[in-house]
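Observations on the model geometry
Letter by letter, the chains look like this.
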Amino acid sequence: KSKLFRTNVLLVPLGDDFRYSDSSEWDQQYQNYQKLFDYMNSHPELHVKAQFGTLSDYFEALRTVTSLDESKGPSFFPVLSGDFFTYADRDDHYWSGYFTSRPFYKRIARVMESQLRSAEILYSLAIVQAQRNQKLSAFPSAEHYKLLTEARRNLGLFQHHDAITGTAKDWVVVDYGTRLYHSLMNLKKVIVDSAHLLILKNKDMYSYNPSTPFFSMDEVQKAQDALPQKTVIKVTGHPRPIAVFNPFEQERLSVVFLCTLVLQKLR
């Protein structure tokens, strides 16, 4: 390992995935490594001085050995910049598959990010309306705020380098998908309830009933590993209102497709 460094000061990272899961392992790691350090340090013929340290300790030792002063001219060490991809940790083992692996879960994350933004905007507008009108006090602002917070955390959790990349174990991916799915359903609930309050012309008629949603969303997904299905609009003699929401901060022109299913009963 020393051949990879320009000086005799080496940085050896300690740790690995799925380690330090309980306090006893912390003690065992520390005690065992300390025994190794004591042995190496007590044998001068090994030409090794090993100790625990932080990044600050490493760079301080580096400055001491090289008599390095960054303020007085160019650095003794080369500077590497640019794109580090595609990364290979050995031979031809290139880390590129995770850009496209598990596209189903990558899509859920993108959809959830979009739904989260829409839910936050509509919820914020609904809160303003609810604070202005006592008749709207039934709006579950505290409950929906918790759902938004949970959705943010689950979406942030999925940005882990073994989640969004698709390199996690199968049972972990299922857990990620379940979290995203539940938060996605909760975001739809926040969107529906917030839009209900905002669309209602006569605010005095507002009532909150979670068992009867004001309207349906355009997609339905039955499970975390199921493909989403478009909501079918049944055509009857009564008009059906359609609400289209623009989550962007500027006006936009967009084509909206409405597909209806017409069934004809044959005699």
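Please read all numbers here as calculations on a predicted model, not as lab measurements.

As a further point, take a nonpolar patch on the surface. Nonpolar side chains collect at one region of the surface, where Phe85, Tyr87, Trp95 and Phe99 lie side by side and expose about 460 Å² of accessible area between them. One can find Trp95 in the loop between α2 (55–66) and α3 (103–132).

What follows covers the packing of aromatic side chains. With the rule as written, the count across this model stands at 12 aromatic pairs. Ring plane angle 65° and centroid distance 4.9 Å describe the contact between Phe37 and Phe52, whose orientation is recorded as edge-to-face. You can see Phe37 sitting in helix α1 (residues 23–41) and its partner Phe52 sitting in the loop between α1 and α2, a full 15 residues away along the chain. Take Phe37: its relative accessible area is 12%, and that puts it in the buried class. Judged by centre distance (6.3 Å) and plane angle (40°), the ring pair of Tyr123 and Phe139 falls under tilted. Taken as a pair, Tyr123 in helix α3 and Phe139 in the loop between α3 and α4 (141–157) lie far apart in primary sequence, 16 residues in all. Given a relative accessible area of 4%, Phe139 falls into the buried group. Among the aromatic residues, ring-to-ring pairing joins Tyr30, Tyr33, Phe37 and Phe52 into one connected group.

Inspection of every chain in the model, using the stated rule, returns 8 salt bridges. Its salt-bridge partner being Glu219, residue Arg107 comes within 3.7 Å of it at the nearest N-O pair. Separated by 112 residues along the polypeptide, Arg107 in helix α3 and Glu219 in strand β1 (residues 219–220) bring together distant segments of the chain. In this structure, Lys189 engages Asp193 in a salt bridge whose closest nitrogen and oxygen atoms are separated by 3.6 Å. Note that Lys189 and Asp193 are positioned in helix α5 (residues 170–199) at a spacing of 4 residues, about one turn of the helix. Of the residues examined, Asp193 reaches a relative accessible area of 10% and is grouped as buried. Put simply, Arg107, Glu219 and Lys230 are held in one network by salt bridges that share partners.

Now for the side chain of Gln221. Along the polypeptide, Gln221 turns up in the loop between β1 and β2 (229–230). Residue Gln221 is classed as buried on the basis of its relative accessible area of 8%. One polar contact links the side chain of Gln221 to the main-chain carbonyl oxygen of Ala226, over a distance of 3.2 Å.

One can find Lys230 in strand β2. On the accessibility criterion, Lys230 (59% relative accessible area) is exposed. Among all residues touching Lys230, those that are not within four sequence positions of it are Asp218 and Glu219. Side chain to side chain, Lys230 and Glu219 meet in a polar contact 3.2 Å long.

Here is what the cut-offs are and how they apply
Residues numbered from 1 in each chain as written. Predicted model: local features only at pLDDT ≥ 70, side-chain atom pairs only at ≥ 80, totals over all residues. Heavy atoms only, no water. Patch = residues over 30% accessible without salt bridge, like charges linked within 9 Å, V, L, I, M, F, W, Y side chains within 5 Å. Areas by Shrake-Rupley, 256 points an atom, 1.4 Å probe, with all protein chains shown as cover. Salt bridge = Lys/Arg side-chain N within 4 Å of Asp/Glu carboxyl O. Helix = DSSP H or I, 4+ residues; strand = E, 2+ residues; numbered from the N terminus. Phe/Tyr/Trp six-rings, centres within 6.5 Å; stacked < 30°, edge-to-face > 60°. Buried < 20%, exposed > 50% of the residue type's maximum accessible area, 1.4 Å probe, protein only. Polar contact = N/O pair within 3.5 Å; in protein donor to acceptor, adjacent residues only side chain to side chain. Contact = heavy atoms within 4.5 Å.

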